[in-house]
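# Architecture and fold: a report
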Amino acid sequence: CALHALNNLFQDQKAFCKKDLDDICIRLSPDHFINPHRSLLGLGNYDVNVLMAAVQTKSCETIWFDKRKNIKCLLPENIQGFILNTPSEYKWGLLHFPFKRKHWIAIRRIKDIYYNLDSKLDSPESIGDEESLFLFLQKELENGEKELLIVVSQEVEQAGTWRRNSDASGNLSTSSDQHSANETATSNANLQPLDDL
């Protein structure tokens, strides 16, 4: 699902293939017979290290969101997209195993609307505007097992313009020099059907 999440995030079915992610696994742990960054069977289930390394090949960076912070500290207009990591039942056919694996879900803005691009959905699910995005993410993060990754351009990561400033009283504000480095790329993208990614 990391492969689908990445391709959905970048809205390009050829952004990554299984071999790309397998090569990253080998690069991260070249001396291991059993690679710790993917499933034992080599069928995917890539870990966060692979996902983060893959994002870097697209001149982007991945930032862990600190769940102790107010979700409204984020500046979505400067964010390429989000990847939600959520526990999922491990099934093989009709067999259900007593442990969980992690499922990756891409979320991004396309033409001013945010979409849930979960590969388990039949089609992209509209979340709505920025306020709806905040509500969606806040609700998802109420489950302590879920984690949120923020994907931004390297320029935005270096400048720190993916988040609002807060003053001593904890109020959030946007400085006048913060602007959208990704606004054109994200607002002009065309929604790709999940089946194509």
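Naming follows an unreviewed UniProt entry, where the chain appears as Josephin-2 of Magallana gigas. Per its UniProt entry, the chain bears the Subcellular location (unreviewed entry) comment "Cytoplasm, Cytosol". Per its UniProt entry, the chain bears the Catalytic activity (unreviewed entry) comment "Thiol-dependent hydrolysis of ester, thioester, amide, peptide and isopeptide bonds formed by the C-terminal Gly of ubiquitin (a 76-residue protein attached to proteins as an intracellular targeting signal)."

## A closer look at the pattern of salt bridges
Overall, the coordinates contain 7 salt bridges when judged by the stated rule. A salt bridge links lysine 67 to glutamate 147; the shortest N-O distance between them is 3.2 Å. With a gap of 80 residues between them, lysine 67 in the loop between β1 (60-64) and β2 (81-92) and glutamate 147 in strand β6 (residues 147-153) connect regions that are remote in the sequence. According to the relative accessible area criterion, lysine 67 is partly exposed, its value standing at 32%. Between lysine 146 and glutamate 140 there is a salt bridge, with the nearest N and O atoms lying 2.5 Å from each other. Of the two residues, lysine 146 and glutamate 140, both sit in the buried class.

## Quick notes on helix α2 (residues 18-28)
Among all positions in α2, only Leu21, Asp22, Ile24 and Cys25 are buried. Each buried residue of α2 lies within a common arc of 155 degrees when the element is viewed along its axis, so the set occupies one face. For α2, the exposed residues set more than 90 degrees away from the buried face come down to Lys19 and Arg27. Looking at the buried positions of α2, the neighbouring elements they touch are α1 (2-9) and α3 (48-56).

## Focus: unusual backbone geometry
One non-glycine residue, serine 59, adopts positive backbone phi at about 60 degrees. Its place among the elements puts serine 59 in the loop between α3 and β1. Phi at aspartate 112 is positive, roughly 70 degrees, even though this residue is not glycine. Note that aspartate 112 resides in the loop between β3 (95-110) and β4 (113-116). For aspartate 112, a relative accessible area of 52% gives the class exposed.

## A closer look at the UniProt feature "active site" (unreviewed entry) in the chain
When the UniProt feature table is mapped onto this chain, "active site" (unreviewed entry) is found at Cys1, His103 and Asp118. The greatest C-alpha distance among the residues just named is 9.2 Å, despite their covering 118 residues of sequence, which places them together in space. Tracing the chain through its elements places histidine 103 in strand β3. Along the polypeptide, aspartate 118 turns up in the loop between β4 and β5 (125-128). With relative accessibility at 10%, the residue aspartate 118 sits in the buried group.

Rules of the game
Residues numbered from 1 in each chain as written. Predicted model: local features only at pLDDT ≥ 70, side-chain atom pairs only at ≥ 80, totals over all residues. Heavy atoms only, no water. UniProt positions renumbered as here; feature names shortened; annotations may be inferred. Salt bridge = Lys/Arg side-chain N within 4 Å of Asp/Glu carboxyl O. Helix = DSSP H or I, 4+ residues; strand = E, 2+ residues; numbered from the N terminus. Buried < 20%, exposed > 50% of the residue type's maximum accessible area, 1.4 Å probe, protein only. Arc of directions from axis to C-beta. Contact = heavy atoms within 4.5 Å.

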